[in-house]
Amino acid sequence: MTHPCQHAREAAFNRQQGLCFCCQQPMWRSDPEVFARQLGITKRQARLFQRTAEHIVRQRDHGGHSPSNIVATCLACNHAREIGKKRSLTFEKYCAEMRNAIARGKYHSLKRWSRCSEYGPPRRQQNRLGPDR
Ligand SMILES: [Zn+2]
């Protein structure tokens, strides 16, 4: 069973080096638990970072399944695009707004959620030697 988007989605994910096209945050494709651990977020939060295929031109607006029309976005960005007034934005504009909001620590911002210094605010060293890095 192969969805028409599957190949393009895979290609987009690699092209974007695993980062969401919209919010530029990392995504996972098979294991939310490992992802949650690596990024220092909860499993519930990690679910929002599942990789999805997003059609730049929506299918209902006759956008096709060609690779040039498909990017990889996280689940949260994929869904938020269909909510409220965001629906009327162009994809570019939507992504710009999303990136802005994420940078300010809104929505599913790792800056706000993550316990990893790479994303979150600098924390005091934990006196526990974790298994990861
Ligand atoms: Zn995203």
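Look a little higher up for the structure.
What comes next is a walk through the structure. The structure presented is a predicted model; accordingly, all values stated were derived computationally and were not measured.

1. Quick look at the overall build of the protein
- For the protein, the helix and strand inventory stands at six helices and two strands.
- Element order for the protein, N to C, with α for helix and β for strand: α-α-α-β-β-α-α-α.
- Here the protein, with 133 residues, has 24% of them falling under the buried criterion.
- The contacts of the protein with a sequence gap of at least 6 include a subset with a gap of at least 24, amounting to 56%.

2. Notes on the nonpolar core
- The biggest cluster of nonpolar side chains holds 25 residues, and the ones touching the most others in it are C20, C22, C23, C74 and C77.
- Element by element, the count of residues in this core is highest for strand β2 (residues 70-74), at four residues.
- In contact with C74, not counting residues within four places along its chain, are C20, C23, Q25, M27, L48, F49, Q50 and R51.

3. Topic: helix α1 (residues 5-15)
- Listed as buried for α1 are A8, R9 and F13. Considered in projection along α1, the buried side chains sweep an arc of 140° and stay on one side of the axis.
- The inward-facing, buried residues of α1 abut β1 (51-55) and β2.
- Positioned one or two residues after α1, Q17 has a phi angle of 50°, which is positive.

4. Some points on the environment of F91
- Along the chain, F91 falls in helix α5 (residues 91-103).
- Classification of F91 as partly exposed rests on a count of 18 C-beta atoms within 10 Å.

5. Structural notes on unusual backbone geometry
- If you check the backbone angles, Q24 has positive phi at about 65° while not being a glycine.
- Positionally, Q24 belongs in the loop between α1 and α2 (32-39).
- Positive phi, close to 50°, is recorded for Y107, a residue that is not glycine.
- Relative to the helices and strands, Y107 resides in the loop between α5 and α6 (110-113).

6. What to know about the environment of P4
- Along the chain, P4 falls in the segment before α1.
- In this structure, the C-alpha to C-alpha distance between P4 and H65, residues 61 residues apart in sequence, is 6.6 Å.

Here is what the cut-offs are and how they apply
- Residues numbered from 1 in each chain as written.
- Predicted model: local features only at pLDDT ≥ 70, side-chain atom pairs only at ≥ 80, totals over all residues.
- Helix = DSSP H or I, 4+ residues; strand = E, 2+ residues; numbered from the N terminus.
- Buried ≥ 20, exposed ≤ 12 C-beta atoms within 10 Å, placed from the backbone.
- Contact = placed C-beta atoms within 7 Å.
- Core = buried A, V, L, I, M, F, W, Y, C linked by C-beta atoms within 7 Å.
- Arc of directions from axis to C-beta.

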